[in-house]
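Chain and residue survey
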Amino acid sequence: AMIQKHQWNPEDIKGQVTDLRRLGPVSAMPTQQFYRAYTLETLGFDDAALDELNTVMKIMPDVASAYQLRGKIFGKREDHQRAFEDFRLACVLAPEESSNWYNLALAYQNLGDVERAVENYEVIVRVWPDEAKGYFFLAKAYALNKDYASAVSTLGIARQLDPRVMIDILKIGDIIFNDG
């Protein structure tokens, strides 16, 4: 009885309405709205998260993490074009964040533009050469692009950086085996 009395549905929670006219041209960081959106998305309430993100973007349109989170939601919904658009903006606004580049490359891959995905993964391994994950994703993109020699070579670098990640190597091997 006590649990039912205090049950709540995050979808029913509405954030405070931000009076943009009253806020005026003041720079304000919408931290509360962003973290609420992040929490809602994590709990699987994507529509409510999108509402919060729209508020974030109205208050401060240059918050890269808001575009990244919205792109993630669109990606889950397989709306790859909109996910790409948000990940591109996240890269423009915060190019120093490697996660933005990973998401952009994956968006290109999901749109079927494997060559652009390869270009973006190459940026990742050039800028963040110590991240094994970048080499694994680059190797996968090479394999999807049927450039098997580059895929195997890149896997060797990835394995040197992180020898514990055999599952990724096996997945890429499956791509090569199934094509070959």
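Up top you'll find the structure we're talking about.
This text gives an overview of the structure that appears in the document.

Quick look at the packing of aromatic side chains now. Under the definition given, this model contains four aromatic pairs. Aromatic side chains Tyr-121 and Phe-137 sit 5.8 Å apart centroid to centroid with 10° between the ring planes, which places their arrangement in the stacked category. With a gap of 16 residues between them, Tyr-121 in helix H8 (residues 114-127) and Phe-137 in helix H9 (residues 132-144) connect regions that are remote in the sequence. In this structure, Lys-133 is placed above the aromatic ring of Tyr-102, and the distance from its NZ or CZ to the ring centre is 4.3 Å.

For the rest of this paragraph, the subject is the packing of helix H3 (residues 31-42) against helix H4 (residues 46-59). With their axes 8 Å apart at the nearest point, H3 and H4 run at an angle of 160° to one another. Considering their axes alone, H3 and H4 lie roughly antiparallel with respect to each other. In the crossing of H3 with H4, the sense of the turn from one axis to the other is left-handed. Residues Gln-33, Phe-34, Arg-36, Ala-37, Leu-40 and Glu-41 of H3 form the contact with H4, whose participating residues are Asp-46, Ala-48, Ala-49, Glu-52, Leu-53, Thr-55, Val-56 and Ile-59. Split into classes, the residues belonging to the contact of H3 with H4 amount to eight nonpolar, two polar and four charged.

Most often, soluble globular proteins have nonpolar side chains that are buried together. In terms of nonpolar packing, the biggest core is built from 48 residues, with Leu-53, Ala-66, Trp-101, Leu-104 and Tyr-121 touching the most fellow members. The set of elements that each furnish at least two residues to this core consists of H3, H4, helix H5 (64-76), helix H6 (80-93), helix H7 (98-110), H8, H9 and helix H10 (148-161). Sorting elements by how many residues they give to this core places H9 first, with eight residues. Those residues in contact with Ala-66 that sit more than four places away from it in its chain are Phe-34, Leu-53, Val-56 and Met-57.

What counts, and at which threshold
Per chain, residues are indexed from 1 in the order of the written sequence. Local features in this predicted model are restricted to residues of pLDDT 70 or higher, and side-chain atom pairs are both shown and tallied only at a pLDDT of 80 or more, whereas totals for entire chains, interfaces and linings draw on every residue. Neither water nor hydrogens contribute to the side-chain values; these are computed over all heavy atoms in the structure. Ring pairs shown here join Phe, Tyr and Trp side chains whose ring centres sit within 6.5 Å, with only the six-membered ring taken for Trp; geometry is labelled stacked below 30 degrees between planes, edge-to-face above 60, and tilted in between. Elements are defined by DSSP. Helices are runs of H or I of four residues or more, strands are runs of E of two residues or more, and each kind is numbered from the N terminus. The criterion for a charge sitting over a ring is simple: Lys NZ or Arg CZ within 6 Å of the ring centre, and within 35 degrees of the ring normal. Here the axes come from fitting lines to C-alpha atoms, over the contacting stretch only for helices, and the angles between their N-to-C directions go from 0 to 180 degrees. With respect to orientation, any angle under 35 degrees is reported as roughly parallel, any angle over 145 as roughly antiparallel, any angle of 65 to 115 as roughly perpendicular, and every other angle as oblique. It is the rotation of the near helix from the far one that decides the hand of a crossing: anticlockwise by less than a right angle makes it left-handed, clockwise makes it right-handed. When checking whether two residues touch, look at their non-hydrogen atoms; a contact exists if any pair is within 4.5 Å. Any residue that is not Ala, Val, Leu, Ile, Met, Phe, Trp, Tyr, Cys, Pro, Asp, Glu, Lys or Arg is counted as polar, Gly included; the first ten are nonpolar and the last four charged. Here, nonpolar core refers to any group of buried Ala, Val, Leu, Ile, Met, Phe, Trp, Tyr and Cys residues whose side-chain atoms link them within 4.5 Å. Accessibility here uses a 1.4 Å probe with only protein chains present; expressed as a share of the type maximum, an area under 20% marks a residue as buried, one over 50% as exposed, and anything in between as partly exposed.

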